[in-house]
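Structure assessment
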Amino acid sequence: MAVRINGIEYEIKEDKSLLSFLRDDLRLTGTKDGCSEGACGTCTVIIDGKAQKACVFKLSRLEGKSVTTIEGLSEREKQVYSYAFAKAGAVQCGYCIPGMIMSAKALIDSKSDPSEDDVKKAIRGNLCRCTGYVKIIKAILLASRIFRENLPMVKDDDASLGSRMIRIDAAAKALGEGLYTDDIVLPGMLYASAVRSPYPRAKIVRIDTEEAEKHPDCVRIIRKEDVPFNMHGHLSLDWPVLFGEGDITSYIGDALVIAVSKRKESLEEIKALVKIEAEELEGVYTIEDARKDDIKVHYWGQSNMYRREYIIKGDAESMIKSAPHVIKRHFETPVTEHAFMETECAIAWPHEDGGVNLITGGQSIYDDQRECARMLRLPPEKVHVKSALVGGGFGGKEDMSVQHHAALSAYILKQPVKIKLSRNESLAVHPKRHPMSIDLTLAFDDDGKILALKEDILTDTGAYASLGGPVLQRACTHAGGPYNFQNLSVVGIAYYTNNPPNGAFRGFGVTQSCFAIEAALDEAANMLSIDPFTIREKNVIRSGQALPSGQIATPDTTAYKCLDALKDEYYKAKYKGIALGMKNAGIGMGVKDSGRAILSVEGGKVHIRTSAACMGQGVKTVCLQIASAALELDASLFIVEEPDTDRTPDSGTSTASRQTAFTGEAVRLAALKMKKDLDKYGLKSLEGESYKAEFSPSTDSLNTEKEHPVSHLAYSYSAQLAILDDEGRIKKIISASDAGTVINLTAIEAQMEGGIVTGMGYALTENFITEKGRVKSKLGTLGLLRSTDIPEIQSIFVEPDEKMKTSYGAKGIGELSAIPTAPAIRNAYYMYTGKPEYSLPLANTPYSRKK
């Protein structure tokens, strides 16, 4: 049997999936593995002229057929596609892009002048979680024009602030040349995977590894007793590394043992030979059950109430009692899955100093270092962590998933070990977006001015804390939205359950509380006979006024400008919904939060060294543009290094929309130090010199005694307008946002478009289904939006008259982009049907899934 791949004929001795053959045998790693079940399209190749998914084809089906992968494109095709995708801003995390390009090639080869609808249909089988598809569609149309008209490809190297500089990593990602963790193979590498609990809450009676250990490929079965320190957790040490006999598990993703194999192909066989005797126990799967506290989620007996947060300003109770108009509503939001295209993967191997090396694709190499060092009882400096490219994160890669297990295995065995989660494992293991139950009471005067808000928030944080505390806190502190009133009483409580954990997700609790207040505002406007735009105009925060949290809005606050930018379009539209959102930049709340950077001159180039994880948001390019502006040097004179604990300083986690504002400012400060010497001596004379800077603004804790605390460094604002057509489908979404100074216009547009489509899914189709703690969803059934579902999206950016002094006035957009979308869409359907809905996803739209 023979198969022709990229023009070369290969004799096939063993029948296996085409994807496995390409990646493992031929090392053609441009074809990515996103699900291995035909749902995502990251493995798209061309078979006899048609775009096909490599994971669903066995080699035996391909005899006599011709296969083309991303590596098999002609040089001209590589130039055109990499240029078009980079120029259009279509490359963010980049994991889906080689597959997108192969679908584009199949289309353009058969239809040289495709329409936008042709493109949408051609890539419908390819999921993207970053871009919202808008710029991918533009890229494919641009590529078709370049081929047809032989257009010149002029690279834009303008690194000035506000330019459309092409991302520095775009071409390598587009052509599949950039390395994600699973693309890396080390000599003598072993493969490992965890055997997990058979039930969400189970007493582990016996773990029998005898038969597994007899397997010829089995190297070791690692048990709880092998772990130096058996607890981990991002903020709370409540998550066992492994469970042993006699223990009671907390959720379906709990790891019992780690099976290590010589060969990846036999790993599942070895795991199947591990015999688990377990007693299924009654579990806690709802907040109502958790509140009873009669069954403890954790076997060591702590209360099921994980965290209580509150914010009280003024006298909301009295104001509500005396107010002429009061509205009370109950809202429910669902669990949702990040669905990043790259599942979790880590590689570890022994270091000569007695510690371990670790390659990961998480959101902070220093978080990985801290947690792995604690588990191994090693000094942090003996855990050496580097980041490969990160195939999406959105908050879902902040916790340990595979990093600690890989580090533990390599430390014990003194050999390289790779651990990669399958898509179904990923769905079961990592934390999701919190579901929330919100009771809201909102009071108004006769003119529609908000007088007071009272809100009670309950949330299920799942089996472990993850970032449930800070998520709950942000839901509380942002509950009043970007409005000016001073009577606020918000209480939030998070409970442990035996469901999969919930943690960080783009929006970080604010998506939920924004949905509640923005939906209530539309109903209040209807009650008061005021239109929804006007009620927001009357209440929107302005510079010098106090937010509900008490923080005084700084001079860069332009939320009102965001509304004004949409006013004409709002009043032109027939069926429409508007919502206004805000999001903090930085962790704040009195927690020390630092951005750090080193600029070093090496080989005549300026190396920018930060540990800021780029999950697709473009932080490497942003840092380059900031350094270029401060040093007045051409972009070609910079190298932005990948995160590496041995080379790059701790720049904090890529979370809380903080990297541009914090690490960007650290880069600027380091560059200003260097600029003094650069002007005196010139670049050549600075060879070997390095310049360090740290940016650590102070903030106040949540319930400080201060009347006007500084809770966060800054806030960004966005107004979004959803317009429906006469059939009730979304025709257009327009956003107007204040993220401060725009550093890279193409990148910020792409962030906004991607966030809006994430918000659309949250509003209309997405739901992560569990049944008594067991995961019922698959990637293909999550309700992720496809290219054919996307309306026209327009992004407007409003810059303040007076900007922040730090990071050239840039704040952040990554989370903000997804926050007001769901309530804007909900409000549009409220206008369209006249029937309010109080839970997500909405049940009565053309997008609603039939039950």
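Please refer to the structure higher up on the page.
Everything numeric in this text was worked out from a predicted model, so none of it was measured.

Below, the discussion takes up empty space enclosed by the protein. For the coordinates displayed, the defined rule picks out 13 cavities of 30 Å³ or more. The calculated volume of the largest cavity comes to roughly 630 Å³. Forming the walls of the largest cavity are 37 residues, and the residues nearest its centre are Gln617, Gln751, Ile813, Gly814 and Glu815. Secondary structure elements with two or more residues in the lining of the largest cavity: helix H18 (619–631), helix H19 (659–681) and helix H20 (745–764). Per-element tally for the lining of the largest cavity: the top contributor is H20, with three residues.

This part takes up the sheet that holds strand S2 (residues 8–11). Strand order across the open sheet formed by five strands is S2-S1-S5-S3-S4, with mixed pairing between neighbours. Among the strands making up the open sheet, the edge pair consists of S2 and strand S4 (50–53). The mean angle between the axes of side-by-side strands here comes to 35 degrees, regardless of whether they run parallel or antiparallel. The pairing of strand S1 (residues 2–5) with strand S5 (residues 66–68) spans two bridges and is parallel. Bridge pairing in S5 links arginine 4 to serine 66. Each of strand S3 (44–47), S4 and S5 is contacted by helix H3 (residues 97–110), which is oriented at about 30 degrees to S3, the strand it contacts most.

Of all five residues making up strand S16 (residues 356–360), five are buried, and the element is well covered by its neighbours. Side chains of S16 alternate between two faces, with Val356, Leu358 and Thr360 and Asn357 and Ile359 buried alike. The turn linking strand S15 (residues 345–350) back onto S16 is made up of five residues, and glycine 354 within it adopts a positive phi angle of 95 degrees. In this structure, S16 lies alongside strand S17 (residues 383–387), joined through five bridges in parallel fashion. The residue of S17 that forms the bridge with leucine 358 is valine 385. For the handedness criterion, the β-α-β arrangement of S16, helix H11 (residues 365–376) and S17 is classed as right-handed.

According to the stated counting rule, one finds 17 aromatic pairs in the structure shown. Relative to phenylalanine 147, the ring of tyrosine 81 lies with its centre 5.4 Å away and its plane at 65 degrees, an arrangement referred to as edge-to-face. Highlighted residues: tyrosine 81 in helix H2 (residues 75–88) and phenylalanine 147 in helix H5 (residues 134–149), separated in sequence by 66 residues. For tyrosine 81, a relative accessible area of 1% gives the class buried. By relative accessible area, phenylalanine 147 is classed as partly exposed at 28%. Ring geometry for tyrosine 95 against tyrosine 180: centres 5.0 Å apart, planes inclined by 90 degrees, an arrangement best described as edge-to-face. You can see tyrosine 95 sitting in the loop between H2 and H3 and its partner tyrosine 180 sitting in the loop between helix H6 (170–174) and strand S6 (190–196), a full 85 residues away along the chain. What makes tyrosine 95 buried here is its relative accessible area of 1%. When its relative accessible area of 2% is taken as the criterion, tyrosine 180 is described as buried.

Counting 153 residues, the largest nonpolar core has Phe85, Ile136, Leu442 and Ile825 as the members making the most contacts within it. Among residues more than four places away in sequence, those in contact with phenylalanine 85 are Ala90, Val91, Ile97, Met100, Ile101, Ile136, Ala139 and Ile140.

This part is about the packing of H2 against H3. How two helices sit against one another is set out by the angle between their axes and by the gap between those axes. Remark: H2 packs on H3, axes separated minimally by 11 Å, with the N-to-C direction vectors making an angle of 115 degrees. Classified by chirality, the crossing of H3 by H2 is right-handed. Touching Glu77, Tyr81 and Phe85 of H2 are Ile97, Met100, Ile101, Ala104, Lys105, Ile108 and Asp109, all from H3. Of the residues assigned to the contact of H2 with H3, the class counts are seven nonpolar, no polar and three charged.

Taking 1.5 Å of rise per residue, 19 residues should cover 27 Å, and helix H15 (residues 510–528) covers 26 Å from first to last C-alpha, within 8% of that figure. When you tally the buried positions in H15, you get 17 out of 19 residues, the bulk of the element. Directly after H15, the chain includes serine 529, whose backbone phi takes a positive value near 60 degrees.

Estimated volume of the largest pocket: approximately 810 Å³. As for the largest pocket, its lining consists of 31 residues, and the residues nearest its centre are Asp33, Ser36, Lys264, Lys420 and Ser422. Elements supplying a minimum of two residues to the lining of the largest pocket: helix H1 (18–25), S6, helix H8 (267–272), strand S18 (417–420) and helix H13 (423–429). The element that contributes the greatest number of residues to the lining of the largest pocket is H1, accounting for four residues. Of the residues that constitute the lining of the largest pocket, the class distribution is eight nonpolar, seven polar and 16 charged.

Analysis parameters
Sequence order as written defines the numbering, with residues in each chain counted from 1. Where local features are concerned, this predicted model is filtered to residues with pLDDT of at least 70; where side-chain atom pairs are given and counted, the filter is 80 or more; whole-chain, interface and lining totals use all residues. The side-chain figures draw on all heavy atoms in the structure; neither hydrogens nor water molecules are used. With a 1 Å grid spanning the protein atoms alone, the term cavity applies to any set of points in which a 1.4 Å probe fits but cannot get out, the term pocket to an open set with protein on both sides within 12 Å along at least five of seven lines, and the term lining residue to any residue with an atom within 4 Å of a point. Grid points are joined across faces, edges and corners, and a volume is the space filled by probe spheres set on the points. Numbering of helices and strands starts at the N terminus; helices are DSSP runs of H or I of at least 4 residues and strands are runs of E of at least 2. At least two DSSP bridges between two strands are required for those strands to pair. All axes here are fitted lines through C-alpha atoms, helices being fitted over the stretch that makes contact, and every angle between N-to-C directions spans 0 to 180 degrees. Throughout, a contact is declared for two residues whenever any of their heavy atoms are within 4.5 Å. We call a residue buried when its accessible area falls under 20% of the maximum for its residue type, exposed when it is over 50%, and partly exposed in between, using a 1.4 Å probe and counting protein chains only. When the strands point away from the viewer, a crossover counts as right-handed if the path from the first strand over the helix to the second runs clockwise. Geometry of aromatic contacts follows a simple scheme: Phe, Tyr and Trp rings, the Trp one being its six-membered ring, pair when their centres are within 6.5 Å, and the pair is stacked under 30 degrees between planes, edge-to-face over 60, tilted otherwise. We call a set of buried Ala, Val, Leu, Ile, Met, Phe, Trp, Tyr and Cys residues a nonpolar core when their side-chain atoms join them within 4.5 Å. For a crossing to be left-handed, the near helix must be turned anticlockwise from the far one by less than a right angle; the clockwise case is right-handed. Residue polarity is assigned by list, with Asp, Glu, Lys and Arg as charged and Ala, Val, Leu, Ile, Met, Phe, Trp, Tyr, Cys and Pro as nonpolar; anything else, Gly included, falls into the polar class. Helix span, expected: 1.5 Å multiplied by one less than the number of residues in the helix.

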